[in-house]
Amino acid sequence: MNPTQTLEPVETEVEKKYKVIGTRPIRHDGVDKVTGRAVYGADVQLPGMLHGKVLRSPHAHALIKSIDTEKAEALYGVKAVMTAADFPDAGSRTANLGELGEVPLKPMCDNVMASDKAVYHGHAVAAVAATSPHIAEEALKLIEVDYEVLPPVMDVLKAMDEDSPLLHEDLYTDELGEKSSRPSNVASHSRHVKGDLGEGFAAADHVLEREYRCATVHQGYIEPHAATAMWNPDGYLTMWVTTQGAFAVRTSVHQILDIPVSRLKVIPTEIGGGFGGKIPVYGEPVAAVLSRKARRPVKVVMDRTEVFLATGPTSGSYVKLKMGVTNQGRITAAETMLAYEAGGYPGSIVALGGICMFAPYNIDNTTIDMYDVVVNKPKTAAYRAPGAPNSEFAVECMLDEFCQILDMDPMEIRLKNGAKEGDIQSHGIPHPRIGCIETTEAARDCEHYRTPLEGPNRGRGVASGYWVNAGLTSSVTARLNGDGTVTLQEGSTDIGGTRTSIAMQLAEVLGIPVEDVVPSVVDTDSVGYTEVTGGSRVTFATGWAAYNAGQAIKSQLIEQAAEVWKVDKDQVSLADGVLATTNGDSRSMTLKELAADLSQKGIDVGSRETVTPQNHGGAYATHVVDVEVDPDTGKVTILRYTAVQDAGRAIHPSYVEGQMQGGVVQGIGWALNEEYFYNEDGLLMNASFLDYRMPTSLDLPMIETIIVEVPNPGHPYGVRGVGEVPIVPPQAAISNAIARAVGVRLGDLPMSPQAVVKALSAKS
Amino acid sequence: MASKVHVAATINGEPVEFLCEPRQSLLEVLRDELKLTGSKEGCNNGNCGACSVILDGLLVDACIVLGAEVDGCTVETIEGLMGSEGLHPLQQTFLENAALQCGICTPGFIMAGKALLEKNPQASEGDIRHWCAGNLCRCTGYDKIVRAILDAEPQLEVKK
Amino acid sequence: MQAFDYVAPKSLSEAVSLLEQKGERARVLSGGTDLIVQVRENRRDVDLIVDGKKIAELMELSFDSQSGLTLGACVPCVRFYEDARISQLYPGLNDAALLIGGTQIQNRASFGGNLCNSSPAADSIPALIAHSAVCLIAGSGGTHTVPVEEFCTAPGRNVLGPKELLVSFHVPPPPRNFGAHYLRFIPRNEMDIAVVGCGASLEMESDGRTVKKARVSLGAVAPTPLLVAEAAAALEGRELDDDAIEKAAAAARAAARPITDMRGTEEYRVHLAGVLTRRALEKSLERAKED
């Protein structure tokens with residue numbers, strides 16, 4: 001365990017010009033959350049509410065020949081039973097999944113509840129609403145489903161075989177834009193080409209070619225999915241949902257149920273973690289249909305087993321990588337094939353894996369082939385920097401191998417090849433102003449990296465990571481109150497303190513304390529359209545909307561003060577919460593005084609803002625980890641960890657550090673122990689927190705953080721998304737550390753104790 | 001159906017009587033019958049600690065205690081932590097240290113921290129990590145949680 | 001969850017008569033950390049839960065220098081390791097009590113519950129075997145005893161009749177120059193099921209080097225926890241040097257006949273059986289020297 005030497009919070013550089021930004025206020029929703037008063041998804045209780053439970057497929061791959069619900073319906077206390085037949089025909093309509101884009105509706109409906117075929121263990125097939133959760137569970141046992149079991153397809157490469165069993169007879173490969181001649185489990189094959197590989201490899205002095213694999217892993221949020229629906233006889237449907245995007249739920253449910261969007265209000269509850277997994281809908285449309293049938297409110301809460309069985313793992317993947325470097329450590333060429341599991345329906349995040357893979361480096365010649373492949377596992381969902389850890393793991397491990405061949409410092413090779421503004425990325429888009437070099441330099445110069453690591457079976461690993469981040473649409477409504485405070489309503493659900501990081505940007509504009517901004521996350525009827533909390537975009541984009549709202553309120557206040565003082569508005573300023581004339585007559589009043597005056601006059605000051613910013617800037621991170629390997633058991637202990645990251649501008653440094661630390665620890669879990677373990681029948685064997693081994697507090701040292709600030713020119717305060725990139729480097733950093741500790745390179749994740757022992761015995 | 005049992009317990013200092021089905025866990029009773037939803041269900045099998053409460057002075061997972069078992073017992077939940085003088089020091093240090101992100105594990109961690117510091121007021125970082133291994137957090141990487149518990153120690157000492 | 005009745009009898013005779021009425025449909029509740037989860041997950045059918053925690057004999061924890069330790073079947077781990085004297089006298093049991101689950105589990109889970117659950121990977125069983133613990137079992141016909149190593153018969157199965165219950169463990173007083181240890185391998189540092197567990201105890205001659213009596217036990221390498229007599233035979237009467245320890249470890253590897261599952265492959269578990277046997281013996285020796 002790391003000694004407690006770093007207990008002092010790491011201070012970041014804050015420019016003097018900001019009064020609020022860069023400070024560490026207590027979050028606005030904090031008291032609710034430390035007292036147990038905050039209402040999360042499963043905490044919703046309504047009069048007459050029923051409890052819904054979902055029956056799930058015991059098979060990984062099976063035709064559903066018939067479902068008999070008669071006995072379940074007859075059980076005392078059961079008020080409604082449903083199957084996929086209760087959903088309207090999806091036809092060829094599409095649905096919007098925010099960060100994941102536009103997708104066909106039919107697979108989304110089928111994923112919510114299987115119509116003719118179950119394509120993974122735990123796939124929903126029917127549901128019951130009853131007066132207690134126990135009765136609903138008893139009723140599930142009375143539903144009779146006749147399955148015809150089919151062979152499961154569990155491995156991405158085997159699924160790509162021409163003779164593999166097919167998940168969907170009507171799925172044809174989109175092969176570089178052309179439809180394939182025969183159905184396949186490969187949903188798409190796409191490619192990015194830059195430069196000339198032949199030339200690039202010819203210029204290399206050393207070429208390596210390796211395979212890398214990532215097991216299927218889960219986001220692991222502690223709060224299971226929960227949705228409560230109340231469908232009124234007048235056709236209006238209200239839903240309380242724990243989600244990353246109330247509007248995304250509204251869109252999905254209105255499309256699946258084919259009801260007008262105006263009849264549906266989604267009220268987001270507090271959300272107990274998401275990491276990308278709470279973007280798709282699961283129990284939401286089910287709760288709605290059960291409520292319509294039962295004519296009572298229905299709450300559908302998953303248990304942990306259901307969360308593992310049927311919700312968003314991220315893609316298991318196969319990556320083949322070939323890279324060449326010169327004796328001086330310059331990367332001359334990289335060729336890669338990425339095959340990502342999509343789960344039971346098309347739509348893995350392989351495209352983002354491709355975009356991010358080489359982004360930390362300026363490489364002249366690259367070719368990236370990307371395959372989206374269906375397998376009999378749950379439909380994958382986004383997971384923190386979706387797609388990027390799988391592909392960047394390969395690059396970062398191979399770079400370290402080159403470092404050993406060339407006897408070069410891992411920071412040096414990264415600086416030598418590091419991406420800069422204007423460099424053309426592998427998909428043809430030039431980098432904007434980015435902090436790749438600055439981040440790597442800060443890692444090179446940090447105390448941790450400069451301190452030698454000593455002792456047997458110990459090694460230090462380094463890896464970098466890139467995440468593209470997202471912009472997308474965000475809205476806020478801000479209103480000035482008579483006491484000079486500002487009520488701020490926002491559409492972004494708050495998973496990690498964003499009420500405050502958004503409010504801070506508005507407070508900065510007006511020069512008022514952040515405590516004078518009262519933020520709340522509101523329902524879909526009460527604020528403008530807002531995309532999901534994802535893509536590390538909320539502090540960036542919703543913060544920008546709040547900034548604009550602040551500017552609008554500021555100019556309204558200046559106008560009103562000018563009116564009071566009968567001067568031109570150009571002669572009024574607002575700073576530090578005080579309005580003053582600038583024409584030399586020294587008149588002034590506080591913002592609070594003006595607010596009280598305007599309130600009495602009945603003049604409303606406020607603004608509604610919607611933004612869709614484009615220049616979100618990419619995020620870079622470089623991590624340093626020290627490990628110790630027990631060569632007898634293969635167990636890897638994390639001795640020390642430092643994460644360095646470009647935040648653009650850290651609005652609330654504590655929560656930036658928190659994102660970095662949380663991302664690192666998810667990466668450590670992914671690296672060492674987390675995996676979906678399927679048996680030969682394709683059944684998930686470890687659907688519990690006992691056997692799906694996420695890190696506990698005892699498995700970790702303190703996670704040291706260094707925030708680098710290379711302001712993003714695409715944001716008024718220079719903000720870059722910070723949430724996702726810290727999950728990218730840990731896997732490779734740890735693999736590299738193991739290699740340097742005990743001399744074995746592991747390219748398959750997780751690097752579990754038995755995998756380490758196996759590698760060690762193969763070496764000796 | 002099995003008949004309900006009558007249970008009389010002291011919950012957050014108040015005498016409470018309720019009827020529950022024998023199959024209802026203490027967590028279900030707290031949340032569904034007594035409307036104390038501050039204790040959370042994360043796993044329902046004793047592997048995440050989100051439902052941690054203090055039963056007769058011992059930290060337990062309420063999901064693997066039957067409601068019927070607490071007859072005659074004392075139960076402390078997150079709802080009872082705030083006294084007349086305001087937030088408990090642990091609640092305050094969790095806020096000051098940004099020791100929560102999504103907050104779903106927070107009530108369980110605070111109850112775990114309370115039970116620890118009552119037993120070991122000078123718990124070290126290692127003691128805290130060991131004690132809290134049954135409480136999962138997926139957001140914070142535990143760093144700021146450990147610091148928050150350490151920070152509460154001198155404040156609790158002063159209170160004594 | 002299926003419906004069931006709950007009773008908390010105050011006496012052993014009351015508990016036995018309840019079991020007589022309900023037979024296999026009744027189940028004794030101790031800490032509930034396995035039973036409640038199994039019933040909830042439809043892995044066990046019950047009509048009646050008989051809470052043992054109000055019965056004095058099942059909650060007894062006492063030590064007598066003549067008869068040794070009496071450990072009631074429902075005594076939670078926390079009571080064991082917070083008893084300064086008993087935890088020191090039975091270090092292998094203390095090791096197990098300290099590493100079952102996390103804090104919350106240790107405040108509920110008991111040695112008796114762990115044994116009656118009869119998981120091959122149970123942490124307390126190899127420790128009980130290493131300490132030569134004997135079970136006291138009660139039924140309508142009175143009581144009888146069974147050594148812990150003979151209690152489990154298959155995964156989840158044991159010698160308890162449908163109308164019997166485990167009352168307590170009786171563990172002989174530790175002899176002079178005695179040391180014991182239990183350890184397990186898990187991928188995390190807490191909150192995990194043993195990939196392999198190993199208990200050992202050593203009674204040394206007064207020279208401090210020669211092994212007078214040894215016991216080595218393994219968990220998670222067979223359908224039931226094992227007492228590895230061959231490992232003890234490799235040690236007794238010999239000086240405990242590297243060679244002797246390696247012979248014992250080899251005996252442990254030979255005795256292991258594990259399966260491959262999500263927690264470990266057969267090959268890895270056999271390997272670990274040897275590694276853990278070595279470590280358990282080294283720690284036991286260290287403790288015997290301190291004794």
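Note: the structure precedes this text.
Residues numbered from 1 in each chain as written. Chains lettered and ligands numbered in written order. Predicted model: local features only at pLDDT ≥ 70, side-chain atom pairs only at ≥ 80, totals over all residues.

A.B. asks: What is the right way to look at the overall build of chain C in this model?
C.D. replies: Of regular secondary structure, chain C possesses eleven helices and 14 strands. Taking 291 residues into account, the globule formula puts the C-alpha radius of gyration at 19 Å, and chain C, at 19 Å, falls close to it. C-alpha atoms of chain C, sized along the principal axes, occupy 55 × 45 × 35 Å. When the 291 residues of chain C are sorted by exposure, 59% land in the buried category. In chain C, the proportion of contacts linking residues at least 24 apart, taken out of those at least 6 apart, comes to 64%. (Helix = DSSP H or I, 4+ residues; strand = E, 2+ residues; numbered from the N terminus. Rg over C-alpha atoms; globule rule 2.2 N^0.38 Å. Buried ≥ 20, exposed ≤ 12 C-beta atoms within 10 Å, placed from the backbone. Contact = placed C-beta atoms within 7 Å.)

A.B. asks: What is the right way to look at the interface of chain C and chain B in this model?
C.D. replies: Interface size is commonly expressed as the accessible area that is lost once the parts come together. With 24 residues of chain C in contact, the opposing surface of chain B contributes 25 residues. Counting only elements with at least two residues in the side of chain C that touches chain B, the list comes to β1 (5-7), α2 (35-40), β3 (48-51) and α6 (103-106) of chain C. Here the residues of the side of chain C that touches chain B sort into ten nonpolar, nine polar and five charged. (Nonpolar A, V, L, I, M, F, W, Y, C, P; charged D, E, K, R; others polar.)

A.B. asks: Could you clarify how one ought to interpret the sheet that holds strand β12 (residues 196-204) of chain C in this entry?
C.D. replies: All names here are of chain C. A sheet is described by the order of its strands in space; here four strands give the open sequence β11-β12-β13-β14, paired in antiparallel fashion. In this open sheet, the two strands that pair with only one neighbour each are β11 (178-185) and β14 (226-227). Sheet analysis places β12 next to strand β13 (residues 211-219), joined by eight bridges and oriented antiparallel. The partner of G199 across the bridge, within β13, is S217. The strands touched by helix α5 (residues 91-99) are β11 and β12; relative to β11, the strand with the most contacts, the crossing angle is about 25°. Here helix α11 (residues 266-290) sits on the sheet and contacts β11, β12 and β13; the angle it forms with β12, its principal contact strand, is near 35°. (Pairing = 2+ DSSP bridges. Axes fitted to C-alpha atoms, helices over the stretch in contact; angles between N-to-C directions.)

A.B. asks: I would appreciate a short explanation of the interface of chain B and chain A in the present structure.
C.D. replies: Counting residues at the interface gives 47 residues for chain B and 46 residues for chain A. Of all the elements in the fold, those that place two or more residues in the side of chain B that touches chain A are α2 (89-96), α3 (106-119), α4 (125-131) and α5 (143-159) of chain B. Looking at the side of chain B that touches chain A residue by residue, the classes come out as 21 nonpolar, 14 polar and twelve charged.

A.B. asks: What's the story with helix α8 (residues 283-294) of chain A in this structure? I'm lost.
C.D. replies: Turn by turn, an α-helix covers 3.6 residues, leaving residues three or four places apart pointing in a common direction. All names here are of chain A. Its twelve residues give α8 an end-to-end C-alpha distance of 16 Å, which sits within 8% of 16 Å, the value for a rise of 1.5 Å per residue. Among the twelve residues of α8, eleven are classified as buried, and the element is accordingly described as predominantly covered. Within the span of α8, buried status applies to G283, E284, P285, V286, A287, A288, V289, L290, S291, R292 and A294. (Expected span 1.5 Å × (residues − 1).)

A.B. asks: I'm lost on the packing of helix α10 (residues 242-255) of chain C against α11(C) in this one. Help?
C.D. replies: For any two helices packed against each other, one specifies the inter-axial angle together with the distance between the axes. All names here are of chain C. Taken N-terminus to C-terminus, the directions of α10 and α11 make an angle of 140°; their axes are 8 Å apart at the nearest point. Classified by the interaxial angle, the pair formed by α10 and α11 is oblique. Considering only the axes of α10 and α11, their crossing is right-handed. Counting all contacts with α10, which are made through I245, A248, A249, A250, A252 and R253, the residues of α11 involved are V270, A273, G274, T277, R278, L281 and E282. Taken together, the residues that form the contact of α10 with α11 break down as eight nonpolar, two polar and three charged. (Parallel < 35°, antiparallel > 145°, perpendicular 65-115°, else oblique. Left-handed = near helix turned anticlockwise from the far one by under 90°.)

A.B. asks: Hey, could you run me through the packing of helix α7 (residues 246-257) of chain A against α8(A) in this one?
C.D. replies: Residues and elements named next belong to chain A. The contact between α7 and α8 brings their axes to 10 Å, and the two run at 55°. Of the possible angle classes, the one that applies to α7 and α8 is oblique. Crossing geometry of α7 relative to α8 is assigned as right-handed. Contacts between α7 and α8 pair V249, V253, I256 and L257 from the former with E284, P285 and A288 from the latter. Of the residues assigned to the contact of α7 with α8, the class counts are six nonpolar, no polar and one charged.

A.B. asks: I'm lost on unusual backbone geometry in this one. Help?
C.D. replies: Negative phi is the rule for most residues except glycine; trans is the rule for most peptide bonds. Here the residue pair A:L749 and A:P750 is connected by a cis peptide bond, since its omega of 0° sits within 30 degrees of zero. If you trace the backbone, A:P750 turns up in the loop between β33 (748-749) and α20 (753-763). Look at A:R384: it is not a glycine, yet its phi comes out positive at around 25°. With respect to the helices and strands, A:R384 occurs in the loop between β21 (366-374) and α11 (388-406). Taking the C-beta count within 10 Å as the criterion, A:R384 has 27 such neighbours and is therefore assigned buried. Here the phi dihedral of B:N12 falls at roughly 50°; this positive angle occurs in a residue that is not glycine. Tracing the chain through its elements places B:N12 in the loop between β1 (5-11) and β2 (14-20).

A.B. asks: Explanation requested: the sheet that holds strand β8 (residues 144-149) of chain A in the structure shown.
C.D. replies: Hydrogen bonds along the backbone pair up the strands of a sheet, which may run parallel or antiparallel. Residue and element names in this part refer to chain A. Spatial strand order, β6-β2-β8: three strands in an open sheet with antiparallel pairing. Single-partner strands in this sheet number two, and they are β6 (117-118) and β8. Pairing of strand β2 (residues 62-68) with β8, which is carried by six bridges, proceeds in the antiparallel orientation. Residue I67 lies in a different strand from β8, and its bridge partner there is V145.

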